[in-house]
Amino acid sequence: MNSTTFKEKLGPLLPFFWVMVSSLIVLNLSRALLVFIFSEHLELPSELDDVFIQGLRVDLAFMSLFFSLPILLYVVVQMMQPLKNLLHKPLAIYLAFFFAAIVFFELVSPMYISEYGVRPERKFYEYLSTPVEVSKMLIGMYGGWLIPLAVIPSLGFYFCYRKILNTFKAHSSWSVKRSLILLPIIFIVLALTARSSFDHRPLNPSMVAFSNDSTTNTLPLNSFYSVLYSIYQLKDESVSSEAYGELKKDEVKKIVQQEKERYQLAVTDTQAPDTHKNIVIILEESLGARFVSELGGDEGLTPQLNQLLNEGIRFNHMYATGTRSVRGIEAVVTGFLPTPSRSIVKLSKSQKNFFTLAQLLKQYDYQARFYYGGEAHFDNMKGFFLGNGFDEVIEQPDFQNPHYVGSWGASDEDVFLRMHEDLLKETDSAKLYVTLSTSNHTPFDFPDYPGMDESHKEKTRDNAIRYADYALGSFISKAKQSSYWDNTIFLIVADHDLRASDFQLNYGKYRHGKLNQIFPVDGFHIPAVILGGNIQAKTINTRASQLDLPVTLLSIAGIQEHTPMIGRNLDADIENQGRAIMQYNEMQAYWEQDRLVVLRPNQLPMSIQLNEDLSFEKSDFPELETKALAFALWASKSYEKHSYQLSSPKTTSNNTKQ
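K.L.:
Before we go on, may I ask you to explain the overall build of the protein in this structure?
P.N.:
Helix and strand content of the protein: 22 helices and 18 strands. Counting only residues that meet the buried cut, the protein has 58% of its 658 residues in that class. Excluding contacts between residues fewer than 6 apart, the proportion of contacts in the protein whose partners are at least 24 apart in sequence is 74%. Approximately 28,200 Å² of the protein is accessible, and the part contributed by carbon and sulfur atoms is 56%.

What follows is the structure, given as structure tokens:
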């Protein structure tokens, strides 16, 4: 096919094709330059495929999304000869702007990545709010580089505009028949390319993450996409002060600091500084206390967990911070408070240098991994973990010959088996292993298992819980017989219960009755137990939050460090002043002793006095309302200012109680 024939066949798509090809050339030349500049961050040549193949995927998806509406509009309009000329200049400006923006952001990228370790994102446009200061900084740092940074994209816009405009005028139109035939095909191709995935979520930065190095993970992206994606994420970043009200900054800081000093007591375990224990955190999907008979729930669903609750440090009144898995991860792995925004696992400012247990334990030479039976880009888990201290993410493609693969990936048994094998064979350093189960999740895919009752094979929630309980019990049974049992601390905790809306819709069915009409507290009660070879069984009846678990784990492991976490050390001899903090949609509840405060957007806080049976009456607790607001504001401000970080490096062995 000669050039003329090719152009004729493309017809009205020719200008778009020209811009796409030109942009792809620029993006891949830039990507190659970035690989050269930042080669020390890559394992060459093995990671080149990931950078360029995933990079092409991102570029095509981005351009398909950016061009879909103009292409479809122009294919329709070009059938109407008198109207099509009216679109030539606006479309030429639109496409030339796109090309110039591509050139501009790729020119900026080497300097930006050198400064911040990632491609341009939200910091880039946040600086626009202080143009004078930023201009002075840029001139001081880059001086003469700013001239080509302004001139080259401007020239790119000018020549691109002229070329596109001439191409629009010169192209051959399609007939009405051909246009109508090709229009749905073009729509489908653009939609599929823009989504770039048949998974639950369309393409996102986490989906192309493949390394625990943030700079490496940024290379497959392009910088224009990175900036626009961070702007898109702003819709999920509600600020507590905008929802619940304001307090003075000093008052917020004072209240939170007093809480930390009062309840984060010294470590309660004794061990030598060089014999740190493994820490294994098992987050059980959707396993509320209502399914656990030891906690007053249904009989017969969790016999294994019932037994384990009596073998370790058992928390009878543990409450989840939210109703999504990422909220559980947020609380247990980072100790961060919930906010009206989405979980920090999914938000842009927390994708690098955000405090996690892995970040802290890396100072003690821990190896950190996250295990997940499905594809870990879901809910941005992979990107978050790799960007914040975890060395590796083990996900569905990493399981060799899994026993069973359901809708959400490899079964719980497969995940536990892989983790068990890794604990057995890797003894050179202490481990932090975190896993999130998947089998107890709609549509409840699970395999047959030994001793399974015939009536338990139906794919129902109760039967999925039975399987999840069996898989958990089998893993712990193997662990007890292993060489690592005595040197490992296990935390088993639910990520959340079922959606709390179940309690509001059916409040009369549950024992705490009418309180759930206001805030569904029953929908947050979950099981939690810490056990291991040297841990003595005991029961803690203090009301507690998932936020308290990472602080308690560090204490039991004998590690005492300054962290930004505000949770309480539940294993210490603290007074029985329980507390739970729970986020439900845009409401946040602060529950302390027999008093509950509910923060509601654009309304005054609601104070509730609870009776012993959790019936209630409205009351007035101004001090508790202030405390609840302080914690909500502290979380939002910490995120906004990117201050939830490890403040000091490991100092000496004095940080570990001997």
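That shown, we press on.
K.L.:
How should I be thinking about the pairing of strand E16 (residues 595–599) in this particular structure?
P.N.:
On a regular strand, one side chain projects to one face of the sheet and the next to the other, so that they alternate. By the criterion of burial, E16 is predominantly enclosed, with four of the five residues buried. The pairing of strand E15 (residues 587–592) with E16 spans five bridges and is classified as antiparallel. If you follow alanine 589 over to E16, its bridge partner there is valine 598. Between E15 and E16, which pair antiparallel and follow one another directly, the connecting turn spans two residues, one of which, glutamine 593, has a positive phi of 55°. Taken together, E16 and the strand that follows it, strand E17 (residues 606–610), pair antiparallel across an intervening segment of six residues, in which asparagine 602 is found at a positive phi of about 60°.

K.L.:
I would appreciate a short explanation of the layout of surface pockets in the present structure.
P.N.:
By rolling a water-sized probe across the atoms, one finds the places where empty space is left. Its volume calculated, the largest pocket comes out at about 1,300 Å³. Lining the largest pocket are 49 residues, with Pro205, Ser206, Tyr229, Gln233 and Asn380 sitting closest to its centre. Residue contributions to the lining of the largest pocket peak at seven residues, all from helix H10 (residues 223–233). The residue inventory of the lining of the largest pocket, partitioned by class, reads 18 nonpolar, 16 polar and 15 charged.

K.L.:
Just checking my understanding: could you explain empty space enclosed by the protein for this structure?
P.N.:
Counted by the stated rule, this structure contains three cavities of 30 Å³ or more. Roughly 60 Å³ of internal volume is contained in the largest cavity. Taken together, 13 residues line the largest cavity, and the ones lying closest to its centre are Ser407, Trp408, Thr438, Ser439 and Asp445. In terms of residue class, the lining of the largest cavity is built from five nonpolar, seven polar and one charged.

K.L.:
Help me understand the packing of aromatic side chains, please; the structure alone is not making it clear to me.
P.N.:
For the structure on display, the rule yields 46 aromatic pairs. Aromatic side chains phenylalanine 105 and phenylalanine 224 sit 5.4 Å apart centroid to centroid with 10° between the ring planes, which places their arrangement in the stacked category. Within this pair, whereas phenylalanine 105 is found in helix H4 (residues 81–116), its partner phenylalanine 224 is found in helix H10, the two being separated by 119 residues in sequence. The residue whose ring lies beneath arginine 595 is phenylalanine 621, and the NZ or CZ to ring-centre distance is 5.5 Å.

K.L.:
Hey, could you run me through a positive patch on the surface in this one?
P.N.:
A surface patch of like charges, here positive, comprises Lys249, Lys253, Lys637 and Lys641. Mapped onto the elements, lysine 641 comes out in the segment after helix H22 (622–640).

K.L.:
Got a minute to help me understand the sheet that holds strand E11 (residues 528–532) in this structure?
P.N.:
Sheet strands pair by backbone hydrogen bonding; their relative direction is either parallel or antiparallel. Read across the sheet, eight strands follow the order E5-E4-E8-E1-E9-E11-E2-E12 without closing on themselves; strand pairing throughout is mixed. If you trace the sheet from one side to the other, it starts and ends with strand E5 (392–394) and strand E12 (538–540), each paired once. Recorded for the sheet is a direction-independent mean angle of 15° between the axes of neighbouring strands. As paired elements, strand E4 (residues 367–372) and E5 share three bridges and run parallel to each other. Within E5, the position partnered with phenylalanine 370 by the bridge is valine 393. With respect to the sheet, helix H14 (residues 325–334) is in contact with strand E1 (278–284), strand E8 (431–436) and strand E9 (488–494), its orientation differing from that of E1 by roughly 155°. Along the sheet, helix H18 (residues 461–480) contacts E1, E9 and E11; its crossing angle with E9, the most-contacted strand, is approximately 175°.

Thresholds applied
- Residues numbered from 1 in each chain as written.
- Predicted model: local features only at pLDDT ≥ 70, side-chain atom pairs only at ≥ 80, totals over all residues.
- Heavy atoms only, no water.
- Helix = DSSP H or I, 4+ residues; strand = E, 2+ residues; numbered from the N terminus.
- Buried < 20%, exposed > 50% of the residue type's maximum accessible area, 1.4 Å probe, protein only.
- Contact = heavy atoms within 4.5 Å.
- Areas by Shrake-Rupley, 256 points an atom, 1.4 Å probe, with all protein chains shown as cover.
- Pairing = 2+ DSSP bridges.
- 1 Å grid on protein atoms, 1.4 Å probe; cavity = no way out; pocket = protein on both sides within 12 Å on 5 of 7 lines; lining within 4 Å.
- Points joined across faces, edges and corners; volume = space filled by probe spheres on them.
- Nonpolar A, V, L, I, M, F, W, Y, C, P; charged D, E, K, R; others polar.
- Phe/Tyr/Trp six-rings, centres within 6.5 Å; stacked < 30°, edge-to-face > 60°.
- Lys NZ or Arg CZ within 6 Å of the ring centre and 35° of its normal.
- Patch = residues over 30% accessible without salt bridge, like charges linked within 9 Å, V, L, I, M, F, W, Y side chains within 5 Å.
- Salt bridge = Lys/Arg side-chain N within 4 Å of Asp/Glu carboxyl O.
- Lys, Arg positive; Asp, Glu negative; His and termini not counted.
- Charge placed at Lys NZ, Arg CZ, Asp CG, Glu CD.
- Axes fitted to C-alpha atoms, helices over the stretch in contact; angles between N-to-C directions.

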